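Topology and contacts: notes
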Amino acid sequence: MDEPKDLLEALRSVRFRYSSEEDLQLGIDKLLRERRIQFEREVRLDAHSRIDFLVDGGVGIEVKIGGSTSELGHQVLRYLQHPRINQVVVVTTRATHRDLPEELEGKKIWVVYLFTSAF
């Protein structure tokens, strides 16, 4: 599976300003629109799973500023089991989330760690 280079580059190139997960999602929404990256917001995949963004090509984006790596791992696994999702990008402020596996269900997981963007 090809790396979503344009998407990862866009997410890594910006210093987001946020005070909540919702603020960060709004910043990502704005960035995707500015870069003309096609996406849907808050996509319901099934009765238990709703991913924050779904980019054309089946790339899901999940935004997390809290929670354990274990909880996030279970959540990402649910997403990757859905046929609309080919890979997941996790945008996070938690250093421990970088410990997610690089792949589950034969699908890639990319982690974008935001170190100094909050205010």
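For the structure itself, consult the block above.
What you see is a predicted model, and the numbers here were worked out from it, not measured in a lab.

The rules we used
- Residues numbered from 1 in each chain as written.
- Predicted model: local features only at pLDDT ≥ 70, side-chain atom pairs only at ≥ 80, totals over all residues.
- Heavy atoms only, no water.
- Helix = DSSP H or I, 4+ residues; strand = E, 2+ residues; numbered from the N terminus.
- Expected span 1.5 Å × (residues − 1).
- Buried < 20%, exposed > 50% of the residue type's maximum accessible area, 1.4 Å probe, protein only.
- Arc of directions from axis to C-beta.
- Pairing = 2+ DSSP bridges.

**Focus: helix α3 (residues 69–80)**
Given 3.6 residues per turn, any residue in an α-helix points the same way as the ones three and four places further on. Here α3 spans 16 Å end to end across twelve residues, near enough to the 16 Å set by a 1.5 Å rise per residue. Among the residues making up α3, those that are buried are Leu 72, Gly 73, Gln 75, Val 76, Tyr 79 and Leu 80. Here the buried residues of α3 occupy an arc of 165° about the axis, which is enough to place them on one side. Seen from the buried face of α3, the exposed residues on the opposite side, beyond 90 degrees, are Glu 71 and His 74.

**As for the pairing of strand β6 (residues 107–113)**
Counting buried residues along β6, five of its seven residues qualify, which places the element largely inside the surrounding structure. Where strand β4 (residues 87–92) and β6 come together, five bridges link them in parallel fashion. Bridging from a neighbouring strand, Val 88 pairs with Ile 109 of β6. Here two bridges tie strand β5 (residues 103–104) to β6, and the two strands are oriented antiparallel to one another. Directly across from Glu 103, in β6, lies its bridge partner Lys 108.

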